[in-house]
Amino acid sequence: MSDSENGMRGDELAAFVEAAAEEFGVPGAAVGVLREGREASASYGVTNLENPQPVDDNTLFHLASVTKTFTATALMRLVAEGRVELDAPVRRYVPELRLADEAAAERITVLNLLNHTAGLDWNLVLGGGGADTLAGFVAHLPGLPLIAPPGSRASYSQAGYNLAGRVIETVTGLPFEKAMDQLLLEPAGLTNTFFDLDEVMVRRFAVGHTPDGRGGELRPARPWAAWRAGARGNNPGGGIASSVSDLLRWARFQLGPGGRVLPAGALRLMTERTVELRASTLGDGLGIGWFLREVDGLRTIGHGGSGNGQSAELLIVPERDFAVVSLANAGPHGHLFDQAVVRWVLEHYLGAVERDPEPVAYDAARAREVAGRYAIDAMNLDVADDGARLTLAAEIKPEIRAAADTDMPADHPPAAIGFLSGTGDEYVVTEGGLKGQRGTFHRDAQGAVVGVGLAGRLFGRAPAAS
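Residues numbered from 1 in each chain as written. Predicted model: local features only at pLDDT ≥ 70, side-chain atom pairs only at ≥ 80, totals over all residues. Heavy atoms only, no water.

Draft legend 1. Highlighting the side chain of Gln254. Here Gln254 shows up in helix 10 (residues 244-255). The residues touching Gln254, leaving out its near neighbours within four places in the chain, are Thr73, Leu267, Arg268, Trp290 and Ile316. (Helix = DSSP H or I, 4+ residues; strand = E, 2+ residues; numbered from the N terminus. Contact = heavy atoms within 4.5 Å.)

Draft legend 2. Quick peek at the nonpolar core. Within the largest apolar cluster, 73 residues are counted, with the highest numbers of intra-cluster contacts made by Phe70, Leu75, Leu114, Leu141, Ile168 and Trp250. Trp250 has contacts with Thr69, Phe70, Thr73, Leu184, Leu190, Trp290 and Leu314, leaving out every residue within four places of it along the chain. (Core = buried A, V, L, I, M, F, W, Y, C linked by side-chain atoms within 4.5 Å. Buried < 20%, exposed > 50% of the residue type's maximum accessible area, 1.4 Å probe, protein only.)

Draft legend 3. Highlighting the sheet that holds strand 18 (residues 426-429). Sheet architecture is closed into a barrel: eight strands sit in the order 14-15-16-17-18-19-20-21, paired in antiparallel fashion. Recorded for the sheet is a direction-independent mean angle of 30° between the axes of neighbouring strands. Two strands pair when backbone bridges link them, and strand 20 (residues 449-454) and strand 21 (residues 457-461) are joined in this way by four bridges, in the antiparallel orientation. Residue pairing in the sheet places Gly451 in a bridge with Gly460 of strand 21. (Pairing = 2+ DSSP bridges. Axes fitted to C-alpha atoms, helices over the stretch in contact; angles between N-to-C directions.)

Draft legend 4. Quick peek at the side chain of Glu177. Of note, Glu177 is situated in helix 7 (residues 176-185). Sequence-distant contacts of Glu177, defined by excluding residues within four places in its chain, comprise Phe195, Arg232 and Asn235.

Draft legend 5. Highlighting the environment of Val31. Its place among the elements puts Val31 in strand 2 (residues 28-35). Separated by 355 residues in the primary sequence, Val31 and Asp386 place their C-alpha atoms 40 Å from one another. Not counting chain neighbours up to four residues away, the residues in contact with Val31 comprise Leu13, Val17, Ala40, Ser41, Ala42, Val244, Val325, Ser326, Phe337 and Val341.

Draft legend 6. Summary view of the pairing of strand 14 (residues 372-375). Note that strand 14 and strand 15 (residues 379-385) share four bridges and pair antiparallel. Following the sheet pairing, Gly372 is matched in strand 15 by Val383. Between the antiparallel neighbours strand 14 and strand 15 lie three residues.

Draft legend 7. Main features of the pairing of strand 18. Direction of pairing for strand 17 (residues 412-419) relative to strand 18: antiparallel, over a ladder of three bridges. Note on strand 18: the bridge partner recorded for Ile417 is Val429. Connecting strand 17 to the next strand, strand 18, in antiparallel fashion are six residues.

Draft legend 8. View of helix 1 (residues 10-24). The end-to-end C-alpha separation of helix 1 is 21 Å, in line with the 21 Å expected for 15 residues at 1.5 Å each. Buried residues of helix 1: Gly10, Leu13, Ala14, Val17, Ala20, Ala21 and Phe24, and no others. Considered in projection along helix 1, the buried side chains sweep an arc of 135° and stay on one side of the axis. (Expected span 1.5 Å × (residues − 1). Arc of directions from axis to C-beta.)

Draft legend 9. Layout of the confidence of the model for the protein. Looking at the protein as a whole, its pLDDT mean stands at 93, while 96% of the residues score no less than 70. Scored below 50 in pLDDT, residues 1-6 makes 21 contacts in the model with residues more than four places away or belonging to other chains. (pLDDT = per-residue confidence, 0-100.)

Draft legend 10. Spotlight on the pattern of salt bridges. Using the criterion set out here, one finds 25 salt bridges in the structure. The residue Arg293 makes a salt bridge to Glu354 at a minimum N-O spacing of 2.6 Å. Here Glu354 lies in the loop between helix 12 (333-350) and helix 13 (364-370) and Arg293 lies in strand 10 (residues 291-295), a separation of 61 residues in the sequence. Taking the shortest distance from any N to any O, the salt bridge between Arg389 and Glu431 comes out at 3.1 Å. Of the two residues, Arg389 is situated in the loop between strand 15 and strand 16 (390-396) and Glu431 in the loop between strand 18 and strand 19 (438-443); the sequence distance between them amounts to 42 residues. Among the residues examined, Arg389 registers a relative accessible area of 36% and is labelled partly exposed. Salt bridges sharing partners connect three or more residues here, namely Glu96, Arg166, Glu169, Glu177 and Arg232. (Salt bridge = Lys/Arg side-chain N within 4 Å of Asp/Glu carboxyl O.)

Draft legend 11. The packing of helix 6 (residues 158-172) against helix 7, seen in detail. At a minimum axis separation of 9 Å, helix 6 and helix 7 run at an interaxial angle of 75°. On the basis of the axis angle, helix 6 is roughly perpendicular to helix 7. In this structure, helix 6 contributes Gly165, Ile168, Glu169 and Thr172 to the contact, and helix 7 contributes Phe176, Ala179, Met180 and Leu183. Considered class by class, the residues forming the contact of helix 6 with helix 7 number five nonpolar, two polar and one charged. (Parallel < 35°, antiparallel > 145°, perpendicular 65-115°, else oblique. Nonpolar A, V, L, I, M, F, W, Y, C, P; charged D, E, K, R; others polar.)

Okay, structure coming up:
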């Protein structure tokens, strides 16, 4: 256990991190707080249950989707330099782009990728054959479902950010990872942030842990990221590794003038709302690379990440020159740990209290209306009604799990959900690894339930089994 800057309540922070890690069964965690230029940090536990080393402020964790904030910022540098236009069609920069819908392929803009309005489904499960590169990933995109016309709605898409990474490659003429070093990581002074596993393995790094599927005991997760070593096709959307020390430096950069990396106006533009989100725990809107959320009157920007047995959370409060980082090496409860840390920090440092909404009583008619299976390209959501309560279960599609040559994150078993009003379609998960997650059921023009939102993703309703 370590902490710093006792005047920043480092002792209290360390005590809470230890208690929360033990409550949620997290083997190792690192937390950092930035407040008006001063830092406090606390670390707990070990990097790996099988080969333990103590976690510290410089321990590398896989950040998963927090990577998107880096990719978006690098692309915005190209915009500021006049090398990319946000409103330009992606095909200007990636002329080989093909999709299942040719009209959509012509219309998708760079901004659509960065604010998740491209209409692309969540991800494309790679199966080799060259798809482990970004060029190969793009070549496989015709097999990815489209869920909406470009620009019509937001739905979180890993594929969209991987395509944005291909834009960076084609414009710079460099491999994505080298371009990120030159455009962003090196000039921003992020010396402990890497895409390359060869850099990670010579430093202290956290290994993810997932339940073993029998007694639920945690075991080290393989592969280290959510894809095998050497695969690069998912790097723009989720491939970076970093530490609490560097993420606090990243927060300082986002709160600052941008320096020689990015004009201050471009940084601020990234925090302005470009599209609204409805009933999402992630926020009430999207900027460029950031989820926008109000917490007890404070405007925040942030992003989370969930990898193979690892989770990460970064939240920034620009008007208070404040940020909090939480990293944990356990799934799925590392996410609950991160959320508990963020809430505690906001309350104890800023006096901002976030409360879960209270669901209304079970309604049999409404429950029957929404019960069923919903799906995206890689996952199923099963909403079930037992006559007394509604539950939601989330799973990686069995055929995908069976065909995978690597371990995959654990599924979420059925957990209770409740509607948030007697008339609306918004709901909240009230137990399990997704506890506190909010979403909404979506209807067509005739009022029929045709989809459900969860974690920013739109799951379409699957046809009823005959």
